[in-house]
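In case you want the letters, here they are:
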There are 2 protein chains.
Amino acid sequence: MTTIKDVARMSGVSISTVSRVINDSKPVSPEVRKRVLEVIEETGYRPNEVARSLVTRRSYLIGVIVNDLSNSYIAEMVKGIEEVGRMYNYDILLCGSYYDREAQMNHLSLLNRKQAEGIILIGYHFDDELIEAVKKNTKHSMYFTRDIKNDTIDHISINSFLASAEMTKYLIGEGHSRIAFLSDFGESSTHEHDKIKGYKEMLKENNINFSKVYVAEGRRYNDGYAMATEVIKDLGNVTAVFCTNDELAIGLINHLFDDGYKVPDDISVVGYGDYKESQHVRPTLTTISEPFYDVGAVTVRTLIKKIEGDKSARTTIELPYCFMERNSVKNLN
Amino acid sequence: MTTIKDVARMSGVSISTVSRVINDSKPVSPEVRKRVLEVIEETGYRPNEVARSLVTRRSYLIGVIVNDLSNSYIAEMVKGIEEVGRMYNYDILLCGSYYDREAQMNHLSLLNRKQAEGIILIGYHFDDELIEAVKKNTKHSMYFTRDIKNDTIDHISINSFLASAEMTKYLIGEGHSRIAFLSDFGESSTHEHDKIKGYKEMLKENNINFSKVYVAEGRRYNDGYAMATEVIKDLGNVTAVFCTNDELAIGLINHLFDDGYKVPDDISVVGYGDYKESQHVRPTLTTISEPFYDVGAVTVRTLIKKIEGDKSARTTIELPYCFMERNSVKNLN
DNA sequence: TTGAAAGCGCTACCAA
DNA sequence: TTGGTAGCGCTTTCAA
């Protein structure tokens, strides 16, 4: 590996001068600059960023701790983070923790030792202990979550209360008055709590007494599939099911289909999240789209502002959702 | 930030000794060790990995250059890379290049300057120029591709010729003799070429004269959806369509469904890739599963072996595929 | 405009 | 078992 020393020697100048031409930090005479540049070209010299980091105390490294990269919405966020981070010359060190607290702690420690300048946490829920550790060890951090019981850390989120209310309102507008909500784990998280609240309040606002919350075993396709047996029992009594996420909705629709029921003729189903699949199911799924790429982009942008000392950077941000009308709802009017 | 110097001063020993207890590199008397450890605990001292890297000349950094992180199979590979890499104490620096050659070159240069110890390229196709640059600038690299016209770089792949032949054989076994192949861009890539070859050779082997290759505009859902008009014209003449990827297959199936045709009753459809959606379509899609998590895991494992000087590490690896029989094929026997 | 030299935080060698 | 010290590759004063 060629070093700055080699370049200096070969071009007959001091390493200070070489440093100056590399960084354009101080005036260098044209002839000297030219000579140095030639040597750099010849040797293929590239400055060692590790050494540079050591002296400048800057790593341009942003750590991303993520629970599960195989969720497509998380991958989309990471994409936003990576792309925008790179625009500002920051690199992304990816850490997958798979819901393991110990792993999260290890990653945090590692990122600190690697001199990461900021940390982004992505996930529905992280442990308070972790959040405390992040606040304590890291200068700058951002947190994407739906479970905001902890307002002491800067975060970005989407207003799921409003989104849920809007979806419910749409269903009512289509003439539905017997609407059920299919939840993943009940009201165990703030996020889910907000959605159910949005659903119930909109019902109340429209003087609808009927409400019903199904609670599935989990949040995956299979859980939705399994819940269909419950839904089928209520057929006729319930005319629409609002699922807390698209995967659940697709599982439900498929089971309904497999048992010979038709969506939306026999029952309407809507989802939340606008997963890619939602356009591919039959019927296509009416849902709420959340701008995950943008969430990632805004998150990293904000973090970088903080890193670079912008005091005006907003620290809690709410991004808008988008209502996607497709074909899984029957108009009862 | 506490440094090794501070710890040394506060515990009344030399920095050499502190270094020894941190790294367990040389014997230290129990009392001294205890004292140092206490100071470390108190101060929350964490060794600066940047400084460490500079002197040890090791970064434990693996760069991953990936075209598009939003492909779920790529995300799955990255997951495998990350998880296994971490087991061996390596970190992953993620670089998304979105098919932009200049970006790829920049990433490569950056990774070199950051002293990355190895590089993994993931994508269907990378430019020869890039591959040359990787070989020239980087000590160790691995390349995941289907388009292996360049055998001079270590790579990992999956034998799509065999996979395609097996799928064709299965169709024949189910009594189909008028089987079409739905390709994405025709034989433009080695990968696609291999698949079509597998399809045709298996046909020939079974003395079937009929063969037909549809070429779609691209490889996405919409392209498959659009191709359905062609397929519908051939209904009756063609009894099964082998799609080069699941997304195409799902698009095709959906259009067929939208036009009132039934799969597999009116026509059988199979895919390739085992995308997550393939279990959610109706009918569920018979396809070929490729072990992307494993691909990532094996890739990074091999790279690390090379980094750590294991001469016996195999440099070109072929991973097995897996045939997934589901419900999109009608038995004609 | 240039060079010499200090020092970033650490490891590893040599002596004691 | 310990401490002193050179040096990793670079940036950045300070003087010239």
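Everything numeric here is computed off the predicted structure, so don't read it as measured data.

Visitor: Lay out the overall build of chain A with the relevant residues and their values.
Guide: Across its full length, chain A holds twelve helices and twelve strands. Projected onto its principal axes, the C-alpha positions of chain A cover 90 × 35 × 35 Å. A burial count over chain A gives 56% of its 333 residues as buried. Here the analysis covers contacts within chain A between residues at least 6 apart in sequence; of these, 71% occur between residues at least 24 apart. When the accessible surface of chain A is summed, it comes to about 14,700 Å², and 48% of that surface belongs to carbon and sulfur atoms. Of the charged side chains in chain A, 41 are positive and 48 negative; the average position of the first set lies 8 Å away from that of the second.

Visitor: Tell me what's going on with the protein's contact with DNA strand C, and back it up with residues and numbers.
Guide: In the vicinity of DNA strand C, 28 residues are found, and the nearest of them are A:Arg20, A:Pro27, A:Arg57, B:Ile4 and B:Tyr45. In DNA strand C, atoms within 4 Å of the protein come 68% from sugar and phosphate. In the model, a phosphate oxygen of DNA strand C is placed 2.9 Å from a nitrogen or oxygen of the A:Ser14 main chain. Taken together, the residues that form the surface near DNA strand C break down as 13 nonpolar, ten polar and five charged.

Visitor: Could you give an account of the sheet that holds strand β8 (residues 240-243) of chain B, with specific residues and numbers?
Guide: Residues and elements named next belong to chain B. Spatial ordering of the open sheet is given by β7-β6-β8-β9, a layout of four strands whose pairing is parallel. Bordering the open sheet on either side are β7 (212-215) and β9 (268-270), each of which pairs with just one other strand. Put simply, the sheet's adjacent strands are angled 20° from each other on average, direction ignored. Looking at chain direction, strand β6 (residues 179-183) and β8 are connected through four bridges and run parallel. Bridging across to β8, Ile179 finds its partner in Ala240. Its contacts with the sheet put helix α8 (residues 160-173) on β6, β8 and β9, and the angle it makes with β8 is roughly 165°.

Visitor: Any chance you could break down the pattern of salt bridges for me, citing the residues and the numbers?
Guide: As enumerated under the stated definition, the model contains 42 salt bridges over all chains in all. Of the charged contacts, one joins B:Glu132 and B:Lys135 as a salt bridge, the two residues approaching to 3.6 Å between their closest N and O atoms. You can see B:Glu132 and its partner B:Lys135 sitting in helix α7 (residues 128-137), three residues apart, about one turn around the helix. On the accessibility criterion, B:Lys135 (33% relative accessible area) is partly exposed. Among the charged side chains, a salt-bridge network with shared partners connects A:Glu82, A:Arg86, A:Asp91 and B:Lys114.

Visitor: Tell me about the protein's contact with DNA strand D, and please be specific about residues and values.
Guide: Within the structure, DNA strand D sits among 28 residues, and A:Ile4, A:Tyr45, B:Thr17, B:Arg20 and B:Pro27 are positioned closest to it. Of all DNA strand D atoms lying within 4 Å of any protein atom, the proportion belonging to sugar or phosphate reaches 63%. At a separation of 2.9 Å, a phosphate oxygen of DNA strand D approaches a polar side-chain atom of A:Ser19. Between DNA strand D and the protein, one listed contact pairs a sugar or linking oxygen with a side-chain N or O atom of B:Arg57 at 2.7 Å. Breaking the surface near DNA strand D down by element, the ones donating at least two residues are α1 (4-11), α2 (15-23) and α4 (49-56) of chain A together with α2 (15-23) and α4 (49-56) of chain B. Here the residues of the surface near DNA strand D sort into twelve nonpolar, ten polar and six charged.

Visitor: So what's going on with the relation of the copies chain A and chain B? Residues and values would help.
Guide: The two copies are related by a screw operation: chain A maps onto chain B through 180° of rotation and 0.1 Å of translation along the axis, at an RMSD of 0.2 Å. What the superposition gives is, in effect, a two-fold axis relating one chain to the other. Relative to the rotation axis, the C-alpha of A:Leu93 is the closest in chain A, positioned 2.3 Å from it. Taken together, the interface assignments show that 100% of the residues at the interface of chain A recur at the interface of chain B, consistent with an identical surface on both copies.

Visitor: Now, about unusual backbone geometry: what can you tell me, with residues and values included?
Guide: Here the residue pair A:Arg282 and A:Pro283 is connected by a cis peptide bond, since its omega of -5° sits within 30 degrees of zero. By secondary structure assignment, the location of A:Pro283 is in the loop between β9 (268-270) and β10 (287-289). Each neighbour pair has its own omega, and for B:Val263 with B:Pro264 the value is 5°, a cis peptide bond. You can see B:Pro264 is positioned in the loop between α11 (246-258) and β9. Even without a glycine there, the phi angle at A:Asp24 is positive, about 55°. For A:Asp24, the position within the fold is in the loop between α2 and α3 (30-43). Residue classification places A:Asp24 among the exposed positions, given a relative accessible area of 59%. Located in the positive-phi region is A:Gln115, a residue other than glycine, with phi close to 65°.

Visitor: Before we move on, can you summarise the interface of chain A and chain B with the specific residues and values?
Guide: Frequently, the measure chosen for interface size is the accessible area that the parts lose on association. Tallying the contact residues gives 47 residues for chain A and 47 residues for chain B. Of the roughly 4,200 Å² buried between chain A and chain B on both sides combined, carbon and sulfur atoms contribute 57%. Among the residues of chain A in contact with chain B, A:Arg113, A:His280 and A:Arg282 are the three that bury the most area, contributing 16% of the side total. Inspection of the chain A/chain B interface yields ten salt bridges. Taken together, chain A and chain B are joined by 26 residue pairs in polar contact (both at pLDDT 80 or more). Elements represented by at least two residues in the side of chain A that touches chain B include exactly α4, α5 (72-87), β2 (91-96), α6 (101-113), α10 (221-233) and α11 (246-258) of chain A. Here the side of chain A that touches chain B gets seven residues from one element, more than from any other, and that element is α5(A). Tallied by class, residues from the side of chain A that touches chain B come to 19 nonpolar, eleven polar and 17 charged.

Visitor: Describe in detail the packing of helix α1 (residues 4-11) of chain B against helix α3 (residues 30-43) of chain B, supporting the description with residues and values.
Guide: Residue and element names in this part refer to chain B. Contact pair α1 / α3: the axes reach a minimum separation of 9 Å and the direction vectors enclose 125°. It follows from the interaxial angle that α1 and α3 lie oblique. Read as a crossing pair, α1 and α3 show a hand that is right-handed. Here Val7, Met10 and Ser11 of α1 come into contact with α3, specifically with Arg35, Val36, Val39, Ile40, Glu42 and Thr43.

Conventions used here
- Residues numbered from 1 in each chain as written.
- Chains lettered and ligands numbered in written order.
- Predicted model: local features only at pLDDT ≥ 70, side-chain atom pairs only at ≥ 80, totals over all residues.
- Heavy atoms only, no water.
- Helix = DSSP H or I, 4+ residues; strand = E, 2+ residues; numbered from the N terminus.
- Buried < 20%, exposed > 50% of the residue type's maximum accessible area, 1.4 Å probe, protein only.
- Contact = heavy atoms within 4.5 Å.
- Areas by Shrake-Rupley, 256 points an atom, 1.4 Å probe, with all protein chains shown as cover.
- Lys, Arg positive; Asp, Glu negative; His and termini not counted.
- Charge placed at Lys NZ, Arg CZ, Asp CG, Glu CD.
- Near = heavy atom within 4 Å.
- Polar contact = N/O pair within 3.5 Å; in protein donor to acceptor, adjacent residues only side chain to side chain.
- Nonpolar A, V, L, I, M, F, W, Y, C, P; charged D, E, K, R; others polar.
- Pairing = 2+ DSSP bridges.
- Axes fitted to C-alpha atoms, helices over the stretch in contact; angles between N-to-C directions.
- Salt bridge = Lys/Arg side-chain N within 4 Å of Asp/Glu carboxyl O.
- Least-squares fit on C-alpha atoms with pLDDT ≥ 70 in both.
- Buried area = accessible area lost by both parts, 1.4 Å probe.
- Parallel < 35°, antiparallel > 145°, perpendicular 65-115°, else oblique.
- Left-handed = near helix turned anticlockwise from the far one by under 90°.

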